[in-house]
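# Structural overview
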Amino acid sequence: MNKMSVKSLDHIAIAVKNLSEAIKLYQEVFGVESTETTTVESQGVNIAFMSLGETRIELLEPTHSESPVAKFLEKRGEGLHHIAFSVEEINITLQHLQSLGIRLIDNQPREGAHGVKIAFIHPKNTLGVLTELTESKKEHGR
Ligand code: CMX
């Protein structure tokens, strides 16, 4: 691989204090209809995914006070938490980024919502924006 090939913007994630209020805001103010909620206990988050055309908004609510998202809310308040790019082969992409000297938070993929493989790049290398890679394969449609 000569360069990283991002397939699409999978989602934009926003950290929120109260998931049901945030969903309500998106439904009532922005008219977003499709909402799916899930919990990723290993990462301490309740998640709402809302489809918006080809991409999605992901609302993140901490499940407990030690969750990384709880710490984020304490430090920075509600707001943009990360963006996520869809890639086909996450392991190959991570190896490629390492070969370029890009600092990763996850050297190996971890499990995200719905068991999808994800990995975070250190925000120092991505203009201060926490950036997630999410493996997109035809079978799970992401
Ligand atoms: N935006 C910008 N910078 C951020 C950040 C954010 N959201 N979160 C952390 N950082 C910065 C930190 O300030 C820190 O900077 P320094 O190294 O300069 O101190 C650096 O990034 C590393 O952060 P950390 O908290 O020290 O690192 P951890 O390894 O403890 O945490 C992280 C890694 C960021 C992935 C984790 O804190 C986190 O946010 N986890 C939640 C992940 C999440 O959103 N999961 C749901 C995904 C589900 C899915 O998409 O399927």
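Heads up: the structure comes first, above all this text.
Each value, and the rule that gives it
Position numbers for residues count from 1 along each chain, tracking the sequence in the order it is written. Given that the model is predicted, a residue must reach a pLDDT of at least 70 before its local features are reported, and side-chain atom pairs must reach 80 or more before they are shown or counted; all residues, however, enter totals for whole chains, interfaces and linings. The basis for every side-chain value is the complete set of non-hydrogen atoms in the structure, without hydrogens or water. Helix numbers and strand numbers start at the N terminus; a helix is a DSSP run of H or I with at least 4 residues, a strand a run of E with at least 2. Burial classes: relative accessible area under 20% of the type maximum marks a residue as buried, over 50% as exposed, and values in between as partly exposed (1.4 Å probe, protein chains only). For the charge count, each Lys or Arg is scored as positive and each Asp or Glu as negative, with His and the chain ends excluded. For this document, the term salt bridge refers to a Lys or Arg side-chain nitrogen within 4 Å of an Asp or Glu carboxyl oxygen. Polar contacts here mean pairs of N or O atoms no more than 3.5 Å apart (in protein, one a potential hydrogen donor and the other a potential acceptor; neighbouring residues in sequence count only if both atoms are side-chain atoms). Contacts are assigned to residue pairs with any non-hydrogen atoms lying within 4.5 Å of each other. Patches in this entry comprise residues that are over 30% relatively accessible and not in a salt bridge; like charges within 9 Å are linked, as are nonpolar side chains (Val, Leu, Ile, Met, Phe, Trp, Tyr) within 5 Å. Residue burial considers only the protein chains on display, and all accessible areas are found by Shrake-Rupley using a 1.4 Å probe. Between any two strands, pairing holds if DSSP finds at least two bridges. Directions drawn from the helix axis to the C-beta atoms are what define this arc.

## With respect to the side chain of E61
As for its placement among the helices and strands, E61 is situated in strand β4 (residues 55-62). Salt bridges are absent for the buried E61, whose nearest opposite-charge side chain, K17, sits at 12 Å. A distance of 2.9 Å separates a polar atom in the side chain of E61 from the backbone nitrogen of L19. Residues in contact with E61, not counting those within four places in the same chain, are V16, K17, N18, L19, G44, V45 and N46.

## Focus on a nonpolar patch on the surface
On the surface, a nonpolar cluster with roughly 310 Å² of combined accessible area is contributed by L25, V29 and F30. Here V29 is to be found in helix α1 (residues 19-30). Look at V29 and you get exposed, because its relative accessible area is 56%.

## Points about the pairing of strand β8 (residues 131-135)
Burial analysis of β8 places 5 of its 5 residues in the buried class, which makes it a mostly covered element. Side chains of β8 alternate between two faces, with T131, L133 and E135 and E132 and T134 buried alike. Summarising the sheet, strand β7 (residues 117-121) and β8 pair through 4 bridges and their orientation is antiparallel. Looking at β8, one finds that A119 is bridged to L133.

## Looking at helix α2 (residues 68-76)
Residues V69, A70, F72 and L73 constitute the buried set of α2. When α2 is viewed along its axis, its buried side chains cluster within an angular range of 160° and face the same direction. α2 presents P68, E74 and K75 as exposed residues on the side facing more than 90 degrees away from its buried surface. Tucked into the core, α2 has its buried residues touching β1 (8-15), β3 (45-52), β4 and β5 (79-87). Where α2 terminates, the next one or two residues include G77, which has phi positive at roughly 80°.

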